[in-house]
Amino acid sequence: MGEKSAEDRAVVQHINALLDTEIADFTPQTRSDHANLAAFCKARVAPRLVTVNFSGGLTQKCWNITRSNGTYRVVYLPSAGYFSLCVESDFGPLDIGVHGGAINCFSSV
């Protein structure tokens with residue numbers, strides 16, 4: 001596998017900073033919130049580029065930030081500046097329109 005470009009390294013650093021801040025600022029209110037935070041932290045992976053499919057046959061390079069549970073994963077959309085919940089498909093991850101913070105996207109299923 002090739003080396004990441006300086007731009008890619010900067011994006012990865014930005015994503016990790018967003019995630020670290022989101023985790024630090026997350027205030028669980030319920031037992032479910034605690035469980036979702038723990039599950040999110042366990043599923044978190046080092047950001048890596050992945051092609052995401054969008055409605056209308058569009059694709060975009062995004063950054064995978066959680067391992068797939070076989071059905072869903074969370075990615076970061078750099079062009080939009082937010083996270084997205086994707087469903088796994090035969091053609092790769094498919095954006096399903098759940099956008100926002102990483103933990104909230106992850107916890108929405």
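See above for the structure.
Now for a look at the structure at hand. From a predicted model like this one, the values you see are computed outputs, not experimental measurements. (Residues numbered from 1 in each chain as written. Predicted model: local features only at pLDDT ≥ 70, side-chain atom pairs only at ≥ 80, totals over all residues. Heavy atoms only, no water.)

**Description of the state of the cysteines**
All told, the structure shown has 0 disulfides when counted by the stated rule. In this structure Cys-41 is a free cysteine whose sulfur lies 15 Å from that of Cys-105, the closest cysteine sulfur available. As a non-bridged cysteine, Cys-105 has Cys-86 as the owner of its nearest cysteine sulfur, 9.0 Å distant. Classification of Cys-105 by relative accessible area gives buried; the value is 1%. (Disulfide = S-S within 2.5 Å. Buried < 20%, exposed > 50% of the residue type's maximum accessible area, 1.4 Å probe, protein only.)

**Topic: the pattern of salt bridges**
In total, this model carries 2 salt bridges according to the counting rule given. In this structure, the salt-bridge partner of Asp-20 is Arg-44, at a minimum N-O distance of 2.9 Å. Of this pair, Asp-20 sits in helix H1 (residues 6-25) while Arg-44 sits in strand E1 (residues 44-54); the two residues are 24 residues apart in sequence, bridging distant segments of the chain. Judged by its relative accessible area of 44%, Asp-20 falls in the partly exposed class. Here Arg-73 ties to Glu-88 by a salt bridge, and the two come within 2.7 Å at their closest N and O atoms. Pair noted here: Arg-73 is in strand E3 (residues 72-77) and Glu-88 is in the loop between strand E4 (82-87) and strand E5 (94-100), with a separation of 15 residues, a long-range link. Residue Arg-73 is classed as buried on the basis of its relative accessible area of 11%. (Salt bridge = Lys/Arg side-chain N within 4 Å of Asp/Glu carboxyl O. Helix = DSSP H or I, 4+ residues; strand = E, 2+ residues; numbered from the N terminus.)

**Examining the side chain of Glu-22**
Checked against the element boundaries, Glu-22 lands in helix H1. For Glu-22, which is buried and forms no salt bridge, the nearest opposite charge comes from Arg-44, at a distance of 9.2 Å. Every residue in contact with Glu-22, bar those within four places of it in the chain, is listed here: Phe-83, Gly-101, Ala-102, Ile-103 and Asn-104. (Lys, Arg positive; Asp, Glu negative; His and termini not counted. Contact = heavy atoms within 4.5 Å.)

**What to know about the nonpolar core**
One finds Ile-15, Leu-19, Phe-40, Ile-65, Val-74 and Phe-83 to be the most contacted residues of the largest nonpolar core, which totals 16 residues. Elements that contribute at least two residues to this core include exactly H1, helix H2 (31-43), strand E2 (58-66), E3, E4 and helix H3 (102-107). Counting residues per element, this core draws most heavily on H3, at 4 residues. Excluding residues within four positions of it along the chain, Ile-65 makes contact with Ile-15, Leu-19, Phe-40, Ala-43, Arg-44, Val-45, Pro-47, Val-74, Val-75, Tyr-76, Phe-83 and Ala-102. One finds Val-50, Val-52, Phe-54 and Leu-77 within the second-largest nonpolar core, a separate group that totals 7 residues. (Core = buried A, V, L, I, M, F, W, Y, C linked by side-chain atoms within 4.5 Å.)

So, to be careful, I would describe these as geometric facts and stop short of saying anything about function.
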